[in-house]
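Examination of the molecular architecture
Now for the letters of each chain:
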Amino acid sequence: MSGRTTVLKPPEGAMAPVRHPDAPAPGELLGAHYDQCFGCGEQSGGLRLRVRAGEGVGLTAEFTVDAAHQGAPGLAHGGVLTAALDETLGSLNWLQRVIAVTGRLETDFVRPVPVGTVLHLEARVTAVHGRKIYCAATGRIGGPEGPVAVRAEALFIEVRVDHFIKNGRSEEINAALADPDQVKVARAFEVNP
Ligand SMILES: CCCCCCCC/C=C\CCCCCCCC(=O)SCCNC(=O)CCNC(=O)[C@H](O)C(C)(C)COP(=O)(O)OP(=O)(O)OC[C@H]1O[C@@H](n2cnc3c(N)ncnc32)[C@H](O)[C@@H]1OP(=O)(O)O
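Notes on the structure in this doc start here. Predicted, not measured: the structure shown is a model, and the values here were computed from it.

**Describing the overall build of the protein**
A tally of regular secondary structure across the protein gives five helices and seven strands. Going residue by residue from the N terminus, the α and β elements of the protein occur as β-β-β-α-α-β-β-β-β-α-α-α. The C-alpha atoms of the protein give 16 Å as radius of gyration, which agrees with the globular expectation for 193 residues (16 Å, within 12%). Principal axes of the C-alpha set define a box for the protein whose edges measure 45 × 40 × 30 Å. Going through the 193 residues of the protein one by one, you find that 40% of them count as buried. In the protein, once contacts between residues fewer than 6 apart in sequence are set aside, the share between residues at least 24 apart is 67%. Accessible surface computed for the protein: about 10200 Å², of which carbon and sulfur atoms make up 55%.

**A few points about the site of the ligand**
Among the 20 residues in the neighbourhood of the ligand, the closest are listed as D86, T102, G103, R131 and K132. Between a nitrogen atom of the ligand and a main-chain N or O atom of T102, the distance comes to 3.0 Å. A distance of 2.7 Å is found between an oxygen atom of the ligand and a side-chain nitrogen or oxygen belonging to K132. Every element with two or more residues in the shell around the ligand is listed here: α1 (78–90), β4 (100–109), β7 (148–158), α3 (162–167) and α5 (180–189). A breakdown of the residues in the shell around the ligand according to their chemical character gives nine nonpolar, six polar and five charged.

**Some remarks on the environment of F63**
Checked against the element boundaries, F63 lands in strand β3 (residues 58–64). A sequence separation of 123 residues divides F63 from A186, and the C-alpha atoms of the two residues are 24 Å apart. Leave out the neighbours within four places in its chain, and F63 touches L47, L49, H69, V80, L81, A84, T117, V118, L119 and L121.

Here is what the cut-offs are and how they apply
Every chain begins its residue count from 1, and numbering advances along the sequence as written. At least 70 in pLDDT is required for a residue's local features to be given in this predicted model, at least 80 for side-chain atom pairs to be given and counted, and no such filter applies to totals for whole chains, interfaces and linings, which use all residues. Excluded from the side-chain calculations are hydrogens and water; all other atoms, namely the structure's heavy atoms, are used. Secondary structure elements follow DSSP: runs of H or I of four or more residues count as helices, runs of E of two or more count as strands, with numbering from the N terminus. As defined in this context, the radius of gyration uses C-alpha atoms, and a globule is described by 2.2 Å times the residue total to the power 0.38. Relative accessibility thresholds used throughout: buried, under 20% of the residue-type maximum; exposed, over 50%; partly exposed, between the two (1.4 Å probe, protein chains only). The contact criterion used throughout is that any non-hydrogen atoms of two residues lie within 4.5 Å. Accessible areas in this description were obtained via Shrake-Rupley with a 1.4 Å probe; residue shielding takes into account the shown protein chains only. Near is defined per residue: the residue qualifies when any heavy atom it owns lies within 4 Å of the molecule or strand. The term polar contact refers here to a pair of N or O atoms within 3.5 Å; inside protein, the definition further demands a hydrogen-donor-capable atom paired with an acceptor-capable atom, and it admits residues adjacent in sequence only when both atoms are side-chain atoms. Only Asp, Glu, Lys and Arg are considered charged, only Ala, Val, Leu, Ile, Met, Phe, Trp, Tyr, Cys and Pro nonpolar, and every remaining residue, Gly among them, polar.

Okay, structure coming up:
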């Protein structure tokens, strides 16, 4: 059963998404947008998501559920699965070269996901309306063609780098601004940095 709120339905006049000409090639592994990120960084307890560019404005990702991700004994926590969907959807930024953050995300939990499972994620942008980016993702178990265990629809909102500089804790922001690799990543997201 799935009952979506109407705000996740693209309005009349929404446009098809456009893949940026400098987007990573299909199959290319996308790096972390920030090495301390819970979703795509390398720290223990994080998701350590591996994301690859796909065709069009789409991508695939893999998330291995480990013991740190449990809710019920031996099963993945629903919030962690939602985080994996959120991170996968957030990675669509790389393909559009737009920085966007999650405004709304709705998840359907269709099947329990045991510890040790590789969740095969797939995400795509479905439509764009001004700063609003409509997107959807699925997570399958037992292989990339396996049954759907989780799925989400989301609305991301385009922001400028200022969003992070104004709102992030100063310790981390100052460290990020002093790190040339991080500044390069931020520029890679923005068409007009
Ligand atoms: C060098 C240093 C910097 C380094 C930078 C490194 C690069 C980073 C690159 C990439 C990072 C990507 C990270 C991905 C991680 C995974 C994704 C996440 O988890 S992101 C975190 C969770 N999300 C938030 O924390 C958002 C918190 N919310 C906000 O900040 C604001 O609410 C925001 C920006 C989302 C919107 O605020 P407004 O003031 O800019 O815009 P308004 O006017 O409110 O909304 C614009 C339109 O969107 C609709 N809208 C906004 N929120 C909505 C909602 N929740 N539901 C439905 N519609 C919504 C509004 O109704 C409006 O629509 P109408 O233009 O009037 O048609």
